[in-house]
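Summary of structural features
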Amino acid sequence: MEQLWTQITNYFDWFYIPRMKITDAIEIVFIAVLIYYIMDWFKKTRAWTLIKGILILLVFMGIAALLEFNTLIWIFKNTISVGVIAIIVIFQPEFRRALEQLGRKRFISSLFDSSDSNVGRRIDKKVLNEITKAVYAMAEVKTGALIVLEQEVKLGDYERTGINIDAEITSQLLINIFEHNTPLHDGAVLIRNNRIVSATCYLPLSDNLDVNKAYGTRHRAALGISEVSDSITIVVSEETGAVSLAHDGVLYRGLSREKFVQNIEKLGKNEPITQRIKWRKGRGKNE
């Protein structure tokens, strides 16, 4: 019996289970989550295409090493340092956007926030009614409009590009601002704390190459500001009269009045929107 037990223990000598502490387990989970988010970020940006290109180069480098192509190996070794610097320069907007998104996340405070922590972000019911009334009145007559609802990320830099107003929100005022051939109709209106703070604001255009070419300036500006902040941006198409919302780099287009109100209320409570309406090709060239 002892001899059999000795044979069994000798057979499993190769099987080694390292001792793990609780900190090791936490570290493994942390690294796994970090790798997941990095890969997810790569897939949502042009960096994913870059990664595939680098993998192809590594395959060629492995083949060159196996076949002893010394000249190719020398070229790879001497260009890799320059390539790292080139990657940082080329993908600077993506790296900046990733850091901005990281800065907007509330990892610690979200653990301790109560269910009413987002109350301050909600738009007043009366204000939302006035905005809705103005938006769909402009949509009926195809008056282009761009309205930015500031959330937690402050938009002071973009506010300073416009004209200060600091006025109570009414549907009549919003319609008058975007009326054709008026001094304030060009640019975006910025709303903060349920008040119009500025008009004719200039917004950054989205530089995402995956955005459909059919998108016009207004929609690209709405996507651009949503990529660098947590704002909710309302767009009224001058060509089609369609009403859209932009948030977190996504455009929700062709919303009915009911869906429009529901989606703004959800985003104000930091709840996800499941509906995503895709852009139809061949429309909206000048929006």
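To continue, consider the nonpolar core. Within soluble globular proteins, side chains that are nonpolar generally end up buried alongside one another. Ile131, Val135, Ile234 and Phe260 are the most contacted members of the largest nonpolar core, which has 30 residues in total. Considering each element in turn, this core owes the most residues, 8 residues, to helix α7 (residues 125–140). If we skip the residues at most four places from it in the chain, Ile234 touches Ile131, Val135, Ala145, Leu146, Ile147, Leu149, Ser244, Leu245, Phe260 and Ile264. Counting residues in each nonpolar core, the second largest holds 16 residues, with Leu203, Val235, Ala246 and Leu251 among its members.

Given a rise of 1.5 Å per residue, 16 residues ought to cover 22 Å, and the 23 Å separating the end C-alpha atoms of α7 matches this to within 8%. For α7, the elements touching its buried residues are β1 (145–149), α9 (171–177), β3 (188–192), β5 (232–236), β6 (243–247) and α11 (257–268). Among the residues of α7, the N-terminal cap falls to Asp124, whose side-chain oxygen and the backbone nitrogen of Lys126 are separated by 3.0 Å. At the exit of α7 stands Lys142, carrying a positive phi of roughly 55°.

With phi around 55°, Lys142 is a residue other than glycine that occupies positive phi space. Position of Lys142 relative to the elements: it lies in the loop between α7 and β1. Assessed through its relative accessible area of 41%, Lys142 is described here as partly exposed.

Conventions adopted
- Residues numbered from 1 in each chain as written.
- Predicted model: local features only at pLDDT ≥ 70, side-chain atom pairs only at ≥ 80, totals over all residues.
- Heavy atoms only, no water.
- Core = buried A, V, L, I, M, F, W, Y, C linked by side-chain atoms within 4.5 Å.
- Buried < 20%, exposed > 50% of the residue type's maximum accessible area, 1.4 Å probe, protein only.
- Helix = DSSP H or I, 4+ residues; strand = E, 2+ residues; numbered from the N terminus.
- Contact = heavy atoms within 4.5 Å.
- Expected span 1.5 Å × (residues − 1).
- Polar contact = N/O pair within 3.5 Å; in protein donor to acceptor, adjacent residues only side chain to side chain.

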